[in-house]
Amino acid sequence: MTPINVISYNIHKGMSPLNRLVKLQSMGQALSDLPIDVLCLQEVQGQNLKRAIAFNEYPDNPQHDWFGEYLSLSHSYGQNASYGHGHHGNATLSRHRLDPKHNVNITVSALEKRGVLHSEITPSDWGVPVVVLNAHLNLLESDRAKQYQAISEYIASEIDKDKPLILAGDFNDWAKKSGQFLGRLGLHEVFYSKYGKHPATFPAKLPMLSLDRIYVRHLRVLSAQVYGGVPWSDLSDHLPIGARLTLV
């Protein structure tokens, strides 16, 4: 059985941290050097008419389409926020067969539109589908508590408890409260399982806060890694994280 490699990355809508430069091409090049079977992206720009006019290098097609073509991956997009000149959300991409399911609205504040993109992938030699939940949570701890409850209820009611499960994304959780909610469902964070702590992933140039997570259930963690330094420190405001997984 061949392990799968999962990457989670908040791409900051394909822009540099201060939104002065388009970094999409450089992000694609950097990601192409990684072993990727499943890619969970947050802050993916489905459309931004203002930036398309302001930057010659800004792509005309949605970023999930762009990454899918550049990396030769199937893709699914869940729109979380919509505004006059565009929209953004999460995107899940896969080298294996991808079955899009549902985009779960976990918005609890008018200021932050958030969602969890539910997909399933079927690794070619595993023989069983794997549920992939791609999440982006709020900045306020009180908001995140409500969102953890919503995610927990969704998993408990909608996900077969015997299916392998990956929950990855930008949790914005420097208070590190996610385990209190998700551990009750048998989910284990990959870095905490391997190393006993969560890695610093933000800001990318000088990581101090642990915001990004990969949780798994019915999967064994072979390795977990933060991708830091050049070129990652010069791309998004987050660093990508990855895990190599196999069935238990």
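Cut-offs applied
- Residues numbered from 1 in each chain as written.
- Predicted model: local features only at pLDDT ≥ 70, side-chain atom pairs only at ≥ 80, totals over all residues.
- Heavy atoms only, no water.
- Phe/Tyr/Trp six-rings, centres within 6.5 Å; stacked < 30°, edge-to-face > 60°.
- Buried < 20%, exposed > 50% of the residue type's maximum accessible area, 1.4 Å probe, protein only.
- Axes fitted to C-alpha atoms, helices over the stretch in contact; angles between N-to-C directions.
- Helix = DSSP H or I, 4+ residues; strand = E, 2+ residues; numbered from the N terminus.
- Parallel < 35°, antiparallel > 145°, perpendicular 65-115°, else oblique.
- Left-handed = near helix turned anticlockwise from the far one by under 90°.
- Contact = heavy atoms within 4.5 Å.
- Nonpolar A, V, L, I, M, F, W, Y, C, P; charged D, E, K, R; others polar.
- Core = buried A, V, L, I, M, F, W, Y, C linked by side-chain atoms within 4.5 Å.
- Salt bridge = Lys/Arg side-chain N within 4 Å of Asp/Glu carboxyl O.
- Pairing = 2+ DSSP bridges.
- Expected span 1.5 Å × (residues − 1).

A.B. asks: Just to check I follow, could you spell out the packing of aromatic side chains for this structure?
C.D. replies: Aromatic ring pairs are described here by two measures, namely the spacing of the ring centres and the angle between the planes. Within this structure, the stated rule accounts for eight aromatic pairs. The interplanar angle of 90° and the centroid separation of 5.1 Å between the aromatic rings of Trp-66 and Phe-67 together place this pair among those described as edge-to-face. Taken as a pair, Trp-66 and Phe-67 share a single burial class, namely buried. Centroid distance Phe-191 to Tyr-195: 6.4 Å. Interplanar angle 45°. Geometry classified as tilted.

A.B. asks: What is the right way to read the packing of helix α1 (residues 24-32) against helix α3 (residues 63-71) from this model?
C.D. replies: At their nearest, the axes of α1 and α3 sit 10 Å apart, and the two run at 40° to each other. Put simply, α1 runs oblique to α3. Here the hand of the crossing between α1 and α3 comes out right-handed. Contacts between α1 and α3 involve Leu-24, Gln-25, Met-27, Gly-28, Gln-29, Leu-31 and Ser-32 from the first element and Gln-63, Trp-66, Phe-67, Tyr-70 and Leu-71 from the second. Grouping the constituent residues of the contact of α1 with α3 by class yields seven nonpolar, five polar and no charged.

A.B. asks: What am I meant to see in the nonpolar core here?
C.D. replies: One recurring pattern in soluble globular proteins is that nonpolar side chains are buried together. Core analysis: the largest hydrophobic core is formed by 27 residues, its most contacted members being Tyr-9, Leu-31, Leu-39, Leu-41, Phe-67 and Trp-232. For this core, the elements supplying multiple residues, two or more each, are β1 (4-10), α1, β2 (38-48), α3 and β4 (86-94). When residues in this core are grouped by element, the largest group, four residues, is from α1. With residues near it in sequence (within four places) discarded, Leu-39 still touches Ile-7, Leu-31, Leu-71, Leu-73, Ala-91, Thr-92 and Leu-93. The next biggest cluster of nonpolar side chains, apart from the first, holds 22 residues, and it includes Ile-4, Cys-40, Leu-219 and Ala-224.

A.B. asks: How do you make sense of the pattern of salt bridges when you look at a structure like this?
C.D. replies: Side chains carrying opposite charge are able to pair once their charged atoms draw close together. This structure, assessed with the given rule, holds seven salt bridges. The closest approach of N and O atoms between Lys-163 and Glu-120, which form a salt bridge, is 2.7 Å. Taken together, the residues span a long stretch of sequence, with Lys-163 in the loop between α4 (141-158) and β8 (165-170) and Glu-120 in strand β6 (residues 115-122) at a distance of 43 residues. Put simply, Lys-205 and Asp-234 hold a salt bridge, and the shortest N to O gap is 2.7 Å. You can see Lys-205 sitting in the loop between α6 (190-195) and β10 (212-217) and its partner Asp-234 sitting in the loop between β11 (219-226) and β12 (241-247), a full 29 residues away along the chain. Its relative accessible area of 59% is what places Lys-205 among the exposed residues. With a relative accessible area of 34%, Asp-234 lands in the partly exposed category.

A.B. asks: Looking at this structure, I do not really get the pairing of β10. What am I missing?
C.D. replies: Here is the key point about a regular strand: its side chains alternate between the two faces of the sheet. Counting buried positions over the six residues of β10 gives six, a clear majority of the element. Burial along β10 is two-sided: Asp-212, Ile-214 and Val-216 and Arg-213, Tyr-215 and Arg-217, pointing in opposite directions, are all buried. With two bridges joining them, strand β9 (residues 188-189) and β10 adopt antiparallel strand pairing. Bridge pairing links His-188 to Val-216 in β10.

A.B. asks: Just checking my understanding: could you explain the sheet that holds β9 for this structure?
C.D. replies: By way of backbone hydrogen bonds, the strands of a sheet pair with one another, either parallel or antiparallel. The six strands are arranged β5-β6-β7-β8-β10-β9 in an open sheet whose pairing can be described as mixed. At either margin of the open sheet sits one strand with a lone partner, and together these are β5 (97-105) and β9. Relative to β10, β8 is paired through six bridges, and the arrangement is antiparallel. Paired with Ile-166 across the two strands is Val-216, which belongs to β10. Across the face of the sheet, α4 comes into contact with β5, β6, β7 (130-136), β8 and β10 while running at roughly 160° to β8.

A.B. asks: How should I be thinking about α4 in this particular structure?
C.D. replies: When the terminal C-alpha atoms of α4 are compared, their 25 Å separation across 18 residues agrees well with the 26 Å that a helix rising 1.5 Å per residue should span. Residues of α4 that are buried: Asp-143, Arg-144, Gln-147, Tyr-148, Ile-151, Ser-152, Tyr-154 and Ile-155.

A.B. asks: Looking at this structure, I do not really get the sheet that holds β11. What am I missing?
C.D. replies: Taken together, six strands build an open sheet; the order of strands is β3-β4-β2-β1-β12-β11 and the sheet is mixed. The open sheet has two edge strands, β3 (74-83) and β11, and neither has a second partner. Strand-to-strand twist across the sheet, computed as the mean angle between neighbouring axes with direction ignored, equals 25°. Pairing analysis gives five bridges linking β1 to β12, with the strands arranged antiparallel. Within β12, the position partnered with Val-6 by the bridge is Ala-243. Here α3 sits on the sheet and contacts β2, β3 and β4; the angle it forms with β2, its principal contact strand, is near 135°.

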